[in-house]
Amino acid sequence: MGDLKLTTVEEMEAATARLLETGAKVGADAWQLRVKNQTPHCKFGEQGVCCRICAMGPCRITPKAPRGICGCDVHGIVGRNYLKFTAGGAATHSDHGREICHTLYEAKPDGAYKVKDPEKLIRIAKEWGVETEGKDIYDLAHEMAETALMEYGKPFGVQRWLKRAPEHTQKLWHDAEIEPRAIDREVATSLHMAHMGCSSLPEALVRQSLRAGLADGWGGSMCGTEFSDVLFGTPKPLDTEANLGVMNADNVNIVVHGHDPSLSEMVCEYADDPEMIAYAKSMGAKGITVSGVCCTSNEVAMRRGVPMAGNFLQQENVVLTGACEAIVVDVQCIFPALGPLSKCFHTKFITTSPIAQMPDSDYIRFDVGTAAEKAKQIVMTACENFKNRKPDLVYIPDMKQKATVGYSFEALVKTLDGVTNSQVDVTGTTKPLIECITSGVIRGAVAMVGCNNPKIRPDYAHIELMKKLIANDIVVVASGCSAQAAAKAGLMDKAAKDLCGAGLKRVCELADIPPVLHMGSCVDISRMMILVAELSKDSGLNISQLPVVGCAPEWMSEKAVSIGNYVVATGIDTFLGVDPYVAGSSEMGQWLTEGVRDWVEAAYTVETDIEKLVDKMIDRIEEKRTALGI
Ligand code: CUV
Ligand code: SF4
């Protein structure tokens with residue numbers, strides 16, 4: 001293991017500054033410039049006190065005008081806005097999950113989409129009480145896909161996946177009346193409740209926010225994760241690289257961006273095709289490099305080792321390298337800025353989904369039936385674009401780190417198997433991890449998740465928090481853009497064990513893992529839910545008793561609020577570095593940071609001072625340890 005030299009945020013910022021110089025040369029806009037135009041932000045919006053859900057408004061609450069025209073007070077307005085925000089996120093994750101179910105429904109032994117993990121499919125089928133004996137695996141896949149799709153609209157009952165939670169958690173959900181019913185129903189009910197003249201009682205709005213969140217995490221997102229594994233394989237540890245330096249100036253560079261692996265998997269498949277590589281060579285390139293941005297990058301990194309070019313706020317940077325032949329996107333977190341920006345370069349901005357259509361893009365509509373030919377068309381388009389590159393605009397920052405990724409729940413359990421002094425057989429359980437935690441070798445765990453946000457120095461919070469956590473023997477599991485921040489910095493290099501406290505370092509050596517474990521994309525936070533559920537069952541402790549917390553220091557999307565709600569509702573204290581537009585209502589603040597604890601044994605902490613945020617997390621973990629007497 002070589003010496004580790006982390007990539008600092010300062011170095012990343014210097015690289016960005018250099019890329020922005022290229023941008024200035026070609027007259028490109030950038031988020032750094034647009035932020036200036038939008039600052040200061042609207043105070044009413046920022047505090048969540050503006051209501052425009054009916055046409056008598058918009059109404060904004062001030063000391064002189066404490067109620068809207070309908071008489072709604074500030075708490076009702078902030079609460080409705082919060083619920084709508086959640087519903088947007090729950091709908092988005094869940095619809096992604098639904099697309100995956102549709103892909104599974106179309107899987108064929110000789111088709112573009114196959115069942116790569118039949119054992120997992122059978123395991124889930126048994127869990128759901130679906131007969132598997134003597135059934136063709138594709139018949140089973142189709143039956144399971146249809147059953148999963150029914151979870152979105154079934155008229156009666158609650159989500160099937162809830163049964164995976166410890167009984168105590170299920171009882172809390174039942175008693176608080178937040179067990180999610182059909183996924184689409186929770187989204188629709190949320191919008192109904194937030195309609196003019198429905199709920200304005202914060203308690204009711206918060207309750208439904210948790211329920212809609214749970215419909216995401218223990219519903220739609222879990223479908224997304226589990227059936228993506230069935231289709232594309234359950235991730236196992238593998239090596240890759242991260243940061244802009246993974247792009248290759250000699251090759252055709254295709255960047256995949258978005259969330260749905262149905263597209264990115266196919267693009268990667270064709271980019272590896274000898275016929276396509278020969279085609280790239282015929283265009284003057286040495287080969288084809290696919291790299292990724294945002295969560296679709298996490299998906300293909302975890303399953304194929306495809307390198308990660310960057311996270312959310314680096315999406316413009318990949319185009320600014322001047323070496324991106326095509327940026328191919330599906331859904332979510334895609335800057336509409338990529339259209340005009342790509343016009344300043346030779347880059348093709350290829351949109352593929354009816355869900356995410358944007359001006360100044362080439363729309364190559366992608367669907368399951370034509371996936372293979374469309375993916376081939378995309379790869380060929382990129383190859384043909386190589387000759388249009390302007391060499392004097394090409395600058396790829398020489399900056400990348402090694403990363404070991406692919407810690408699905410299954411892989412994690414397998415990897416930690418050896419790390420135990422136990423005399424009893426603990427294989428296939430989380431018991432080795434529990435032993436490490438109870439003995440104090442590891443103090444606890446933090447789930448680091450979520451986006452970047454210009455309100456927080458990008459990546460700085462993610463990276464600094466993680467460094468401090470691992471130095472304090474707290475293991476980090478990461479997903480989404482937080483995972484990519486870690487990978488870019490070098491924290492997913494196994495050599496990062498040297499940054500850990502003695503206990504965690506020892507565990508990293510024994511298990512041969514990095515101290516920050518890549519668990520996947522944002523929908524894969526459902527993997528973290530499964531992990532805590534199993535930790536709870538294997539330890540006999542309630543989830544809320546485990547020395548585990550969640551953190552989204554730089555979050556920005558509606559999805560992140562939906563996630564926060566289901567993480568809290570699962571019993572995990574959650575720490576946010578950005579306020580979810582609730583500062584305007586003391587009652588909403590009270591409900592989210594304290595009130596919900598009576599229902600689900602966990603709550604939010606909002607702390608925009610990053611130094612304080614990490615100390616609060618460490619304190620919380622130590623409090624939980626003290627309460628357990630460990
Ligand atoms: Ni889905 S939601 S910016 S890509 S983590 Fe990244 Fe993750 Fe936020 Fe988007
Ligand atoms: Fe104003 Fe009430 Fe209409 Fe909202 S619902 S815009 S507060 S009148």
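Residue positions are counted from 1 within each chain, in the order its sequence is given. To read the labels, note that chains go from A and ligands from 1, taken in the order they are written. For a predicted model such as this one, the threshold for reporting local features is a pLDDT of at least 70, and the threshold for listing and counting side-chain atom pairs is 80 or more; totals across whole chains, interfaces and linings nevertheless cover every residue. The side-chain numbers reported here are obtained from all heavy atoms of the structure, hydrogens and water having been left aside.

J.: Explain the site of ligand 1 here, please?
T.: Taken together, H259, C294, C295, F312, C333, G450, C451, C481, C522, M556, S557 and K559 are the residues near ligand 1. Broken down by class, the residue content of the shell around ligand 1 amounts to eight nonpolar, three polar and one charged. Where a domain begins and ends is set by an automatic assignment or by a domain database. For the shell around ligand 1, the two domains that each supply at least three residues are domain 2 (244-393) and domain 3 (402-628). Near, as used in this document, describes a residue that has one of its heavy atoms within 4 Å of the molecule or strand being considered. Amino acid classes used here: Ala, Val, Leu, Ile, Met, Phe, Trp, Tyr, Cys and Pro are nonpolar; Asp, Glu, Lys and Arg are charged; the rest, including Gly, are polar.

J.: Could you clarify how one ought to interpret the domain arrangement of the chain in this entry?
T.: Interface size, as often reported, equals the accessible area lost upon joining of the parts. Each domain of the chain was delimited in the assignment, giving domain 1 (58-232), domain 2 (244-393) and domain 3 (402-628). Of note, the centres of domain 2 and domain 3, computed from C-alpha atoms alone, are 31 Å apart. Only heavy atoms matter for contacts: two residues are in contact if any of them lie within 4.5 Å across the pair. In this assembly, 18 residues from domain 2 lie in contact with 25 residues from domain 3. When residues of domain 2 are sorted by the area they lose upon contact with domain 3, M302, N311 and L313 head the list and together hold 39% of the total. Two N or O atoms count as a polar contact when they lie within 3.5 Å, although within protein this holds only if one can serve as hydrogen donor and the other as acceptor, and sequence-adjacent residues are included solely when both atoms are side-chain atoms. Counting across the domain 2 and domain 3 interface gives 14 residue pairs in polar contact (both at pLDDT 80 or more). Note on conventions: DSSP H or I runs of at least 4 residues are helices, E runs of at least 2 residues are strands, and numbering of each starts at the N terminus. Sorting the residues of the side of domain 2 that touches domain 3 by element identifies α12 (294-304) and β6 (308-310) as the ones contributing at least two each. Broken down by element, the residue count for the side of domain 2 that touches domain 3 peaks at eight residues, all from α12. Of the residues contributing to the side of domain 2 that touches domain 3, the split by class is nine nonpolar, seven polar and two charged. Two parts lose some accessible area (1.4 Å probe) when they are put together, and adding that loss for both gives the buried area.

J.: Explain the site of ligand 2 here, please?
T.: As a structural note, the neighbourhood of ligand 2 is formed by C51, I53, C54, M56, G57, C59, G68, I69, C70, I77, R80 and M196. Here the shell around ligand 2 is built from residues that sort into nine nonpolar, two polar and one charged.

J.: Looking at this structure, how should I read the UniProt feature "binding site: [4Fe-4S] cluster 2" (unreviewed entry) in the chain?
T.: Within this structure's numbering, the places UniProt gives as "binding site: [4Fe-4S] cluster 2" (unreviewed entry) are C51, C54, C59 and C70. Despite a sequence span of 20 residues, these residues sit close together in the fold, their greatest C-alpha distance being 10.8 Å. Mapped onto the fold, C54 is located in the loop between β1 (50-51) and β2 (59-60). Only protein chains enter the accessibility calculation, which uses a 1.4 Å probe; a residue is then buried when its area is under 20% of its type maximum, exposed when over 50%, and partly exposed in between. For C54, a relative accessible area of 24% puts it in the partly exposed group. Tracing the sequence through the fold places C59 in strand β2. Once residues within four sequence positions are removed from consideration, C59 is found in contact with V49, C50, C51, G68 and I69. UniProt positions are given in the numbering used here, feature names are shortened, and annotations may be inferred rather than shown by experiment.

J.: Where do I start with the nonpolar core in this structure?
T.: General note: in soluble globular proteins, nonpolar side chains tend to be found buried as a group. By nonpolar core is meant a set of buried Ala, Val, Leu, Ile, Met, Phe, Trp, Tyr and Cys residues that side-chain atoms within 4.5 Å join together. Counting 172 residues, the largest nonpolar core has F227 and I288 as its most contacted members. With 10 residues, helix α9 (residues 202-232) is the largest single contributor of residues to this core. When near neighbours in sequence (up to four residues on either side) are disregarded, I288 contacts N251, V252, I254, A271, M276, I277, A280, V379 and C383. Judged by nonpolar contacts, the second largest core, of 31 residues, contains V318, L320, F335 and M358.

J.: Would you explain helix α8 (residues 183-193) in this entry?
T.: Residue pairs three or four apart in sequence face the same way in an α-helix, which turns once every 3.6 residues. Residues of α8 that are buried include every one of I183, E186, V187, S190 and M193, and no others. The buried residues of α8 occupy an angular sector of 130 degrees when projected down its axis, which confines them to one face. The secondary structure elements touched by the buried residues of α8 are α4 (74-106) and α9. To be clear, the arc concerns the directions from the helix axis to the C-beta atoms.

J.: Explain the packing of α12 against helix α19 (residues 480-489) here, please?
T.: For any two helices packed against each other, the geometry comes down to the angle between their axes and how far apart the axes lie. Relative orientation of the contacting elements α12 and α19 amounts to 65 degrees, with a least axis distance of 8 Å. It follows that α12 is roughly perpendicular to α19 by the angle criterion. When you trace α12 past α19, the crossing you get is left-handed. Between α12 and α19, the contacting residues are C294, C295, S297 and N298 on the first element and G480, C481 and Q484 on the second. For the contact of α12 with α19, the class distribution of residues is three nonpolar, four polar and no charged. Every axis in this analysis is a line fitted to C-alpha atoms, fitted for helices over the stretch in contact. Angles between the N-to-C directions lie between 0 and 180 degrees. By the definition adopted for this analysis, an angle is roughly parallel if under 35 degrees, roughly antiparallel if over 145, roughly perpendicular if from 65 to 115, and oblique otherwise. Each crossing is labelled by how the near helix is turned from the far one, with a counterclockwise turn of less than a right angle marking it left-handed and a clockwise turn marking it right-handed.

J.: Would you mind going over unusual backbone geometry with me for this structure?
T.: Peptide bonds are trans in most cases, and residues, glycine excluded, mostly fall at negative phi. Following T39, the chain continues to P40 via a peptide bond in cis, the omega torsion being 0 degrees. By the secondary structure assignment, P40 is in the loop between α2 (31-38) and α3 (43-47). Cis geometry is adopted by the peptide bond preceding P58, which originates at G57 and carries an omega value of 0 degrees. Checked against the element boundaries, P58 lands in the loop between β1 and β2. Despite not being glycine, E177 has its phi angle at roughly 55 degrees, a positive value. Examined against the element boundaries, E177 turns out to sit in the loop between α7 (167-175) and α8. When its relative accessible area of 59% is taken as the criterion, E177 is described as exposed. Phi at D360 is positive, roughly 60 degrees, even though this residue is not glycine.

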